[in-house]
Each structure stands twice: as structure tokens, then as C-alpha cells.
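Now for the letters of each chain:
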Amino acid sequence: MNIEVIDYKGRKVLALSGEIDMYSSPELRTEMMNIIGEKVSALYIDLGKVSYIDSSGIATFVEGLKYVKSYGGRLQFCSIPGGIMEIFRFSKLDRVFEIFGTLDDAIGS
Amino acid sequence: MKDGLTVSFPSHPKYLSVVRALTGKIANIYGLEETLSEDIKLAVDEACANVIKHAYKGDTKKKIILKYINTQEKFTVIIEDSGVRADLRSIQGRDLEDIRPGGLGVHFIRRVFDVFTFDEKKAKGNRLVLVKYHGKAE
């Protein structure tokens, strides 16, 4: 997995690529918590180039969501590939995650 | 005709990507449909991750044995370890409606495999047996 922290139009974006699994999710957790630990109003997560996610990756995002909600922030996902979206749906996460087609859609929400 | 492959790998999470690649390739060799093969990759990954986490308690220097067996009737994956015994009755996963970190791996395994059971005859450690019957709708 590769993680890029991008400043896009003044917003913090985590652009992820590759496979998120038990091996790579601790690094994702560290990067994500570093950003939301600063209590940003919104963190955008671009999954456009993610080819795989397992339950440890999902647990990382659920933990992040709980944390941002605790201070009134938002965790927004965009560009989710079909296979990853199917896993989100199965896990009922499409009901609790804010999901957008593109990064600009998320920022404009 | 029975066909199969057995491999072993260290209980380090860095090898899970190898397990996924191998599982996908095996599913391809046995002619399993692409979507099914993706679901099987995820399920086997989750089962091996559970071995590392629960049976070996994070010890990355143990051994996990993976067996793939294909017959006309079914595709079987057997995952063996020598760690702490699992109790099938306590492996439920969380309620899917209860959104919280953890507890999803078992659901990913059960949604694709028709059989999820531990071979009680194994004296030490665990032998998880996962079976997918050919031609049976998910």
C-alpha cells in the first residue's frame, strides 16, 4: 500500500493505493490518526487506486470515523472502486460512511 | 479426479499478499469464476490473519500450512496451525448492524464458503476446513 497525504484546495486528503491488509493497515492507522488528531473539520480519503481491503482496513476506517465524530468532524470517502464498494455494502458501512463519486463532490458537500 | 497443492508460510502478515496471490491463481487454475475467486482470496486472507492474531497471538515466527484440494464436487481449503485452540462456538463475528472496529473477518469467510469447521481430530493447534461446493449459488 502507498499513502500520500495531499493538500487539495486547502483540504487534507489521504490518497491510498494498492492493498490494505493486516500488514499495511497499522501504517494507515498511524497516518490517519496523525491528521485527525489535529481535529481537522474533514478528512478526505481517496480510495481510487485501492485494489484490495480486508477487515483490518475496514476496522481502521471505522475507528477513524468514531474518532472524528467524537469532536464533530467528518470522514469522507471518494472514488471507491466497485470491488471495495461491494465489501463496504456487505459490511453495512455504506450506511455510516459519507461516500462520494469524486473528491470534488466530497469537498462540495 | 482429486487435485491439490500444499504450501507453508511463516506467520508474518507480510506474507498475506503472497497467500492472496497464490489463492487467486489456484482458483483460476481450478476454473472458479472471477468474482468467486476474489471472495475466496479475501476469506483465506481473513482466516490466515485470524491464525496470526488469535492462534499465534501475533508471533510472526510460527508456521501456517495451507492445503488446496479440488474435486469435481467441491473446492476445499485447509488451514493448519500449531497455536492456541479455537472454539468454533465462540467465533461468531459481530452483528453486521453493530458498526464498530473488528468482528468482520468471520463474515467474509462464511459468506463464500459453504462449510466452515474445525477438524476436532487434530491433536495440537487447529485445522480449519473451508469447503465451497461447485455450482452452488452463494
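The rules we used
- Each residue is numbered by its place in its chain's sequence as written, counting from 1.
- Here the convention is simple: chains get letters from A, ligands get numbers from 1, in the order in which they are written.
- In keeping with the model being predicted, local features are shown solely for residues with a pLDDT of at least 70 and side-chain atom pairs are shown and tallied solely at 80 or more, while totals for entire chains, interfaces and linings include all residues.
- Hydrogen atoms and water are omitted, and side-chain values are computed over all heavy atoms in the structure.
- Put simply, DSSP H or I for four residues or longer makes a helix, DSSP E for two residues or longer makes a strand, and each gets a number counted from the N terminus.
- This radius of gyration counts C-alpha atoms alone. The globule rule is 2.2 Å times how many residues there are, raised to the power 0.38.
- The cut-offs for exposure are 20% and 50% of the maximum accessible area for each residue type, with area from a 1.4 Å probe on protein chains only; residues under the lower value are buried, those over the upper are exposed, and the others partly exposed.
- Throughout, a residue-residue contact means that at least one pair of heavy atoms, one from each residue, lies within 4.5 Å.
- Using a 1.4 Å probe, the Shrake-Rupley method yields the accessible areas, and only the shown protein chains count as cover for residues.
- In summary, the charge assignment counts Lys and Arg as positive and Asp and Glu as negative, without counting His or the chain termini.
- Positions of charges follow a simple convention, taking NZ of Lys, CZ of Arg, CG of Asp or CD of Glu.
- Axes, fitted as lines to C-alpha atoms, cover a helix only where it is in contact. Angles between the N-to-C directions of the axes lie from 0 to 180 degrees.
- Two helices crossing with the near one rotated counterclockwise from the far one by less than a right angle form a left-handed crossing, whereas a clockwise rotation gives a right-handed crossing.
- Only Asp, Glu, Lys and Arg are considered charged in this grouping, and only Ala, Val, Leu, Ile, Met, Phe, Trp, Tyr, Cys and Pro are considered nonpolar; every other residue, Gly among them, is considered polar.
- Oblique is the label for every angle not falling under 35 degrees (roughly parallel), over 145 degrees (roughly antiparallel), or within 65 to 115 degrees (roughly perpendicular).
- Summed over both partners, the accessible area (1.4 Å probe) lost when two parts come together is defined as the buried area.
- Basic side-chain nitrogens of Lys or Arg form a salt bridge, by our definition, when they fall within 4 Å of a carboxyl oxygen of Asp or Glu.
- Any pair of N or O atoms that falls within 3.5 Å is considered a polar contact. Within protein, one atom must be able to donate a hydrogen and the other to accept it, and sequence-neighbouring residues count only if both atoms are side-chain atoms.
- Whether two strands pair comes down to DSSP finding at least two bridges between them.
- Stacked, tilted and edge-to-face are the three classes applied to pairs of Phe, Tyr and Trp rings, where Trp contributes its six-membered ring and a pair requires centres within 6.5 Å; stacked means planes under 30 degrees apart, edge-to-face means over 60, and tilted covers the rest.

S.K.: Can you help me understand the overall build of chain A in this one?
M.R.: Each helix and strand in chain A was counted, giving 4 helices and 5 strands. Going from the N terminus to the C terminus, chain A shows its helices and strands as β-β-α-β-α-β-α-β-α. The globule rule puts the C-alpha radius of gyration for 109 residues at 13 Å, and the 12 Å found for chain A is close to it. By its C-alpha atoms, chain A is 30 × 25 × 25 Å across when sized along the principal axes. Scored against the burial criterion, the 109 residues of chain A give a buried share of 49%. Looking at chain A alone, contacts between residues at least 24 apart form 67% of all its contacts between residues at least 6 apart. By element, 47% of the accessible surface of chain A is carried by carbon and sulfur atoms, the whole surface being about 4800 Å². Each charge class in chain A was averaged separately, 12 positive and 15 negative side chains, and the resulting centres sit 8 Å apart.

S.K.: Teacher, can you tell me more about the packing of helix 1 (residues 16-29) of chain B against helix 2 (residues 34-55) of chain B here?
M.R.: A pair of packed helices can be characterised by two numbers: the angle between their axes and the separation between those axes. Residue and element names in this part refer to chain B. Across the interface, helix 1 lies against helix 2 with an axial gap of 9 Å and an inter-helix angle of 145°. Remark: the crossing between helix 1 and helix 2 carries right-handed chirality. Contact residues: helix 1 offers Leu 16, Val 19, Arg 20, Thr 23, Gly 24 and Ala 27, while helix 2 offers Ser 37, Ile 40, Lys 41, Val 44, Asp 45, Cys 48, Ala 49 and Ile 52. When grouped by side-chain class, the residues that make up the contact of helix 1 with helix 2 number 8 nonpolar, 3 polar and 3 charged.

S.K.: Would you explain the packing of helix 1 (residues 25-36) of chain A against helix 2 (residues 55-70) of chain A in this entry?
M.R.: Residues and elements named next belong to chain A. Where helix 1 meets helix 2, the axes come as close as 9 Å, and the angle between the chain directions of the two elements is 15°. When the interaxial angle is binned, helix 1 and helix 2 end up roughly parallel. At the point where helix 1 passes helix 2, the crossing takes the right-handed sense. Where helix 1 abuts helix 2, its residues Ser 25, Leu 28, Arg 29, Met 32, Met 33 and Ile 36 lie against Ser 56, Gly 57, Thr 60, Phe 61, Glu 63, Gly 64, Tyr 67 and Val 68. Broken down by class, the residue content of the contact of helix 1 with helix 2 amounts to 7 nonpolar, 5 polar and 2 charged.

S.K.: Can you help me understand the interface of chain A and chain B in this one?
M.R.: It is common to give the size of an interface as the accessible area that goes away when the parts come together. Of the residues lining the interface, 21 residues belong to chain A; the matching set on chain B comes to 25 residues. Around 1900 Å² of area is buried between chain A and chain B when both sides are counted, 67% of it from carbon and sulfur atoms. Taken as a group, A:Met22, A:Tyr52 and A:Phe90 account for 32% of the area that chain A buries against chain B, more than any other trio of residues on that side. The interface formed by chain A and chain B contains 3 salt bridges. Put simply, chain A and chain B have 5 residue pairs in polar contact (both at pLDDT 80 or more) between them.

S.K.: Looking at this model, I keep getting lost on the pattern of salt bridges. Mind explaining?
M.R.: Opposite charge on two side chains permits them to pair, given that their charged atoms come into close proximity. All names here are of chain A. Scanning the model with the defined rule gives 15 salt bridges over all chains in all. A salt bridge links Glu 63 to Arg 29, with the nearest nitrogen and oxygen atoms 2.7 Å apart. Remark: Arg 29 occurs in helix 1 and Glu 63 occurs in helix 2; sequence separation between them is 34 residues. Arg 74 serves as the salt-bridge partner of Glu 98, at 2.5 Å between the closest nitrogen and oxygen. A residue pair is termed long-range when its members are at least 10 positions apart, and Glu 98 in strand 5 (residues 98-100) and Arg 74 in strand 4 (residues 74-78) qualify at 24 residues.

S.K.: Sorry if this is basic, but what is going on with the pairing of strand 4 (residues 115-118) of chain B here?
M.R.: All names here are of chain B. Residues of strand 4 alternate between two faces, with Phe 116 and Phe 118 buried on one and Val 115 and Thr 117 left unburied on the opposite face. Alignment of strand 4 against strand 5 (residues 126-133), held across 4 bridges, turns out to be antiparallel. Paired with Phe 116 across the two strands is Leu 130, which belongs to strand 5.

S.K.: Looking at this structure, how should I read the packing of aromatic side chains?
M.R.: Any pair of aromatic rings gets described here by the distance separating the centres and the angle formed by the planes. Residue and element names in this part refer to chain A. A complete count under the given rule lists 9 aromatic pairs over all chains for this structure. Ring centres of Phe 61 and Phe 77 lie 5.1 Å apart, and the angle between their planes is 85°; on these two criteria the pair is classed as edge-to-face. Pair noted here: Phe 61 is in helix 2 and Phe 77 is in strand 4, with a separation of 16 residues, a long-range link. Judged by relative accessible area, Phe 77 falls into the buried class, the value being 0%.

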